[in-house]
Amino acid sequence: MMTAARPTLSSVSIAITGSGGSGVMTAGEILLEAAALAGFYGLMGRTSGPQIRGGEAAALLRLSDAPVEGYGDGFDLLIAVDWAGLERFAAEIPLAAQSLIAGDSSLGEPPQSMAAPGARRFDLPLKAIAKTIPAGRPNMVALGFAAALLGLADGALEAAARRSFAAESDRLAPSVAAIAAGRLAAAAVEGPWKLPLATPRFGERWLLTGNEAAGFGALKGGVRFVAGYPITPATEMLEWMSPAIAEIGGTLMQAEDELAAINMAIGASYGGVPALAATSGPGFSLMTESLGLAVAAEVPVVVVDVMRSGPSTGIPTKSEQADLNIALYGLHGDAPHIVVAPNSVADCLLTTEWAVKLAEALQVPAVVLCDQLMGQTRMVVERPPETTFAGERRFASANGEAYRRYALTPSGVSPMAIPGMPGLMYTADGLEHSERGTPSSQAKDHAAQLDKRQNKIESVDFGPHWAMIEGEGEIAVLTWGSCTAPAREAIARAKSLGLAVKLVSLRLMSPAPRERLAAALAGTRRVLVVEQTHSGQFARYLRAEHAFDAELRSLSRPGPLPLRPGDILDALMRWSRR
Amino acid sequence: MNAPSAIVLAAKDFKSDTKPVWCPGCGDFGVLTSLARALADLSLRSEEVVLVSGIGCSSRLPAYTTCYGFHGVHGRALPLATGLKIARPDLTVIALGGDGDGYSIGGNHFLHACRRNVDLTYIVMDNHVYGMTKGQASPTTEPDWDNPLTPGGIGVRPFQPLVIALASGANFVARAFSGNIVGSAEIIAEAIRTPGFAFVEILSPCVTYRPEQRQWKELVRPAPVGATDDPARAARRILTDDGFNLGVLYCGSRKPYQPQTVREKKTLEDVAREFRL
C-alpha cells in the first residue's frame, strides 16, 4: 500500500497520555482526523492497562505528509493530561534529547523513567486552563496545544471535533473553546514539529482501523453470518460488523462462548451462508477442536484471530504475533487448513476478503492472523484498490445417482450439497468417512480422505497474493504482519546508507508456499527474519517448512514492544558489515 | 417449520439404509422410529429437515435418516443448529444427542439455547450413562451407581434437565419414553410444530451398561394432568414427580428469537462511505 517511498520519513510522533477515562483517545482521534482532513497521512495506535477506568492509557500518533504505516523509533512530543501510571509506558514511549514533555506540574512531575537525557520539559497547566472554560476538559486543551505545535489549521481541527461530537452536540462548544485555549498556551513553545505543507490530495482516502478493514473485507468476500464472543482486542471488529452486516442483509450473533461461536459459524456455512468468527488467542484456543471439524466435514469458515500477548490471558490490550504456532499446528490430527496474515491496516481488508474466497472455494477453514497493533490502529490510507479473487463454493446438483459428498475428485474439492436441495441429502461428519459420508474406520478411507484434504489446498494456485515483495538485494528481510511497516522503513533507511535490502512479507503461511519463497529469495545470501514473538515462532516455522540456501538470522522480540525501524536497521547494518 | 409437502412420505421413507451401531435392545432404535413417524405425520420433506448432533451413541442418529444431517463435535450440537437455523430459517432444524453430550460437555449451550429460544427442537436421549465410552456416570446418573471410573458411585447429585430448561426459558418442555413409539412421535411432532425452543427429554434405556433400565417400561405413565403454560407450576410438578411422568409438561408462548432485520438493504459501497475522509 506504500506509495512514493522516500529515503526517510519526515514525520512527527506524538504520545498523548493520561489515566483511563481522561479522554486521551478522543483527543488523539480528533487530532488524527484533523490532520487527515488537512491532507496529511498518519496513524493512531492505542495502548492501555487492563482497567476500564482509572488505569493508564496512551494514544500514540504519527503524522506525516507521506503515508506512514507504523510507529517510528521514538516520540517527539509527549503530552500528559495527567501523570497517572505514565512510568508503565516508559518502554513503549521512547523519548530522545530533542523531545518535549508537556504536562501539568500542578498534578505532579514526569516519572524519572520517562525523562530522556536532555528532553525539554514544558509546564502546561491543563487543569487551570480547562477550569477557565465552562465544561472545558483538559484533554481538549492538550489537543489544541498539540495541534498548534504541529501547525494544524483551525478549520480542520474544528471539522474533526464536529464529526467526533456529532452525537453529543453539547460537548462541541466547550471543546472548541478548550482547543483554542490550548493553542494559545502553545505560543510560548518553539520547536521543530511543524508539519510541512500537505500536498493536495486527489484520490479517495479512507480513515479506518485494521479491525474495521478486516470486517469490511469479510463482507466484500461474501460473509453474511458472523458469530463472536466479546474479547479484547477483537471486540471492535464484531461491534463494527454488527450494524454493517445487518444493513446488507446478514446476521451477527453474540454467542455464549467461543465454542458456540465457531459452531454457529460452521452451522450457517453448512446451510450455504458464508460465515466468520472473530476472536483473540484465548478464544481461538477454544475454537481449535471445531476448526478440526470444519476440516474433516469440509465446511468453509473463516476465523480472524486479532492476536494479543499470550499465553493464557497474557496482556489483553497489547500486541504480539505468538499465535502463529497454534494457528498453524493447533488442530489435532492431520488437519490441513489455510492460514493467512495481513501486512498492514489496509491489507486487513484484502487478506480477509481473500481468506473468505479461499475458504469458500476449497471448503476449508481459513485463519486470518491479525494483531492488536493493526486491529486497533486507526490509519489514513489510500482507498484500497478493488481486487478480484477467483473462488466460489462449488455446489452439487442431483443427477439421479447416490450423492457422494466427499467424492475423490482430481482437485480434491467435491461439489457441496446444501440443505433444501432434493436428492442430495447427506450427513456432514467429523468422523472419518467414505466418499458417501458414511462413517468409516477403514485404513483405505482414512488415507483417501487425508490425501484429498491435503491435495485440495496444496494443488491450488494461490496467485500473486502469497507475499508482498519489494526491492532487490543480497540481503533480505523476511517478515510478516505488523512487522512489515517497520521493516520497510528500515530498508528505506538502509538504502540511503548504501545498503540494498529486499523485503519479503509473507501473507500465505499455510499451506507453506515453498517454491515461491525459494524463488523469491534466489540469489539472496542473508535473510533476516523479523517477528514479534519470544521464541522465534516464525523463524522456526520457516526452518521447518521451507528450504533456504541463504544464511538465516532471527530478530525476534515478544510483545508488547513493537519492532521499531531502528531495531531492524541496526540488525541489518551490523550483519552487513561483518 | 416448513409448509407441508404435496408428496406424502411414510415413516419408513425417513430411514436410511445405514445400519445403526447401536446394541440390540437400545432405546435409540425406538426414538429413530418415533422421529421418522413424527416427520411423516407432519408431511415434511426430508431435504428440508436437518438433524444436528454431537458425539455419543444417540448422536449417530442423523445418518440413519434420509434427512440432511450434521454429526459434529462433542457437546456442540445446539450452537451449530442455532447458526444453521438463523442463517436458514426456512429449514426445520432438530438438534439431538445424549445426556452426557447435552448436559455435561454441552451444558452451557443448553442453558443459552433455552434462553435464546430460537425455533429449534432439541431431543435428548437420556440413559443416565456414557455408553460409547463403555459405562461411566453422566450428569443424570444416580450418585451411588458403581462403575469403573468412579467406584462406589460418582457421589454427585443428578442434573434436573427439565427444570433447568424451564428456568432458562425453553418454550416447550416434554418427557417421552423410547418404548412408546406412538406417544413419542406425537410429542416430537408437537415440539416441531411449537415455535421457539422445544425440549424433549426421551428416556431411552441403555440395556448394555444399565440393564436395570429395562424396567422403565413398567415405571413410565402418562402425566396425570396436561401441559401448563405456567412455568412455576410446571417446575413444581417436575420437581415432585418420580421422573416417569410422560407427556408435554409445559408449553409457553414466548416469541422465538429473531435477529434484527433491515428493511432497506444497503450496498457495500454505502457501508464503505463511513471510511471516507
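Conventions used here
- Note on numbering: residues in each chain are counted from 1, in written sequence order.
- Working convention: letters from A go to chains and numbers from 1 go to ligands, in the order in which they are written.
- Local features in this predicted model are restricted to residues of pLDDT 70 or higher, and side-chain atom pairs are both shown and tallied only at a pLDDT of 80 or more, whereas totals for entire chains, interfaces and linings draw on every residue.
- Hydrogen atoms and water are omitted, and side-chain values are computed over all heavy atoms in the structure.
- These domain boundaries are the output of an automatic or database domain assignment.
- We call two residues in contact whenever any of their non-hydrogen atoms come within 4.5 Å of each other.
- When two parts are brought into contact, each loses some accessible area as probed by a 1.4 Å sphere; the total of that loss over both is the buried area.
- Take a side-chain nitrogen of Lys or Arg and a carboxyl oxygen of Asp or Glu: if they are within 4 Å of each other, that pair is a salt bridge.
- Any pair of nitrogen or oxygen atoms within 3.5 Å is treated as a polar contact; in protein, a donor-acceptor pairing is required on top of that, and neighbouring residues in sequence qualify only through side-chain atoms on both sides.
- Secondary structure is summarised from DSSP: a helix means a run of H or I of at least four residues, a strand means a run of E of at least two, and numbering begins at the N terminus for each.
- Each residue receives one of three labels: charged for Asp, Glu, Lys and Arg, nonpolar for Ala, Val, Leu, Ile, Met, Phe, Trp, Tyr, Cys and Pro, and polar for the others, Gly being one of them.
- Axis definition: a line fitted to C-alpha atoms, limited for helices to the stretch in contact. Angles are taken between N-to-C directions and run from 0 to 180 degrees.
- Any angle from 65 to 115 degrees is called roughly perpendicular, while one under 35 is roughly parallel, one over 145 is roughly antiparallel, and all others are oblique.
- Definitions for this section: a left-handed crossing has its near helix turned counterclockwise from the far helix by less than a right angle. A right-handed crossing has that turn clockwise.
- A pair of strands counts as paired when DSSP detects no fewer than two bridges linking them.
- In this scheme Phe, Tyr and Trp rings, the latter by its six-membered ring, pair at centre separations within 6.5 Å, and the angle between planes marks the pair as stacked below 30 degrees, edge-to-face above 60, and tilted otherwise.
- Burial classification: accessible surface area is computed with a 1.4 Å probe over protein chains only, and a residue below 20% of its type maximum counts as buried, one above 50% as exposed, and the rest as partly exposed.
- Consider the ring centre and the ring normal. A charge sits over the ring if Lys NZ or Arg CZ is within 6 Å of that centre and within 35 degrees of that normal.

Asks: Outline the domain arrangement of chain A, listing residues and values.
Replies: Residues and elements named next belong to chain A. Examined at the domain level, chain A breaks down into domain 1 (11-188), domain 2 (207-382) and domain 3 (465-577). Using only C-alpha atoms to locate each centre, domain 2 and domain 3 end up separated by 25 Å. Between domain 2 and domain 3, the contact holds 28 residues from the first and 26 residues from the second. Interface area for domain 2 against domain 3, summed over the two sides, is near 2,200 Å², with a carbon-plus-sulfur share of 59%. Among the residues of domain 2 in contact with domain 3, Gln321, Leu324 and Asn343 are the three that bury the most area, contributing 31% of the side total. Linking domain 2 to domain 3 there are 1 salt bridge. When the shortest N-O distance is used, the salt bridge between Asp347 and Arg507 registers 3.0 Å. Between domain 2 and domain 3 we count 14 residue pairs in polar contact (both at pLDDT 80 or more) in total. For the side of domain 2 that touches domain 3, the secondary-structure elements that each account for two or more residues are helix H10 (324-329), strand E12 (338-340), helix H11 (347-362), strand E13 (365-371) and helix H12 (372-375). For the side of domain 2 that touches domain 3, the per-class residue count stands at 16 nonpolar, 7 polar and 5 charged.

Asks: An account of the packing of helix H1 (residues 28-41) of chain B against helix H6 (residues 181-193) of chain B is needed here, citing residue identities and associated values.
Replies: Helix-helix packing is characterised by the crossing angle of the two axes and by the distance between the axes. Residue and element names in this part refer to chain B. The contact between H1 and H6 brings their axes to 8 Å, and the two run at 50 degrees. Our classification of the angle between H1 and H6 gives oblique. Of the two elements, H1 crosses H6, and the hand of that crossing is right-handed. Where H1 abuts H6, its residues Gly30, Thr33, Ser34, Leu35, Arg37, Ala38 and Leu39 lie against Ile181, Val182, Ser184, Ala185, Ile188, Ala189 and Ile192. Split by residue class, the contact of H1 with H6 holds 9 nonpolar, 4 polar and 1 charged.

Asks: Give me the side chain of Ser344(A): which residues, what numbers.
Replies: When you line up the elements, Ser344(A) lands in the loop between E12 and H11. The residues touching Ser344(A), leaving out its near neighbours within four places in the chain, are Glu69(A) and Met374(A).

Asks: Describe in detail the sheet that holds strand E11 (residues 301-307) of chain A, supporting the description with residues and values.
Replies: Residues and elements named next belong to chain A. Reading across from one edge, E9-E8-E10-E11-E13-E12-E19 is the order of the 7 strands in this open sheet, with mixed pairing throughout. Pairing within the sheet leaves two strands with one partner each, and these edge strands are strand E9 (251-254) and strand E19 (508-510). For this sheet, the mean angle separating the axes of adjacent strands, direction not counted, is 20 degrees. As defined by bridge partners, strand E10 (residues 275-279) adjoins E11 across 4 bridges and the pair is classed as parallel. Paired with Leu276 across the two strands is Val302, which belongs to E11.

Asks: How would you explain the sheet that holds strand E1 (residues 11-19) of chain A if you had to name every residue and give the values?
Replies: Residue and element names in this part refer to chain A. Read across the sheet, 8 strands follow the order E6-E5-E4-E1-E3-E2-E14-E7 without closing on themselves; strand pairing throughout is mixed. One side of each edge strand has no neighbouring strand; the edge strands of this open sheet are strand E6 (120-123) and strand E7 (205-209). Within the sheet, the average angular offset between the axes of one strand and its neighbour, ignoring direction, is 20 degrees. In the sheet, strand E5 (residues 95-103) pairs with E6 via 4 bridges, with the strands oriented parallel. Within the sheet, the bridge partner assigned to Leu100 lies in E6 and is Arg120. The strands that helix H6 (residues 210-221) touches are E7 and strand E14 (378-382); relative to E7, the one it contacts most, it runs at about 105 degrees.

Asks: Can you break down the packing of aromatic side chains residue by residue, with the values?
Replies: This structure, assessed with the given rule, holds 26 aromatic pairs over all chains. Note on Phe122(A) and Phe145(A): the rings are 5.6 Å apart at their centroids and 15 degrees apart in plane angle, and the pair reads as stacked. Of this pair, Phe122(A) sits in strand E6 while Phe145(A) sits in helix H3 (residues 138-150), placing them 23 residues apart in sequence. Exposure class is identical for Phe122(A) and Phe145(A). Each is buried. An angle of 50 degrees between the planes, with centres 5.5 Å apart, marks the rings of Tyr103(B) and Phe110(B) as tilted. One aromatic cluster in this structure is built from Tyr270(A), Tyr403(A), Tyr406(A), Tyr426(A), Tyr68(B) and Phe70(B). Over the face of the ring belonging to Tyr41(A) we find Arg205(A), whose NZ or CZ atom lies 4.9 Å from the ring centre.

Asks: An account of the interface of chain A and chain B is requested, with residue identities and associated values reported.
Replies: Taken residue by residue, the interface counts 58 residues in chain A and 45 residues in chain B. On the chain A side of the contact with chain B, Glu247(A), Glu256(A) and Met425(A) bury the most area, a combined 14% of that side's loss. Linking chain A with chain B are 4 salt bridges. In this structure, the connection of chain A to chain B is made through 20 residue pairs in polar contact (both at pLDDT 80 or more). Elements that contribute at least two residues to the side of chain A that touches chain B include exactly helix H1 (24-37), E7, H6, helix H7 (235-247), E9, helix H8 (258-270), helix H9 (281-297) and strand E15 (427-429) of chain A. Ranked by residues supplied to the side of chain A that touches chain B, first place goes to H8(A) with 8 residues.

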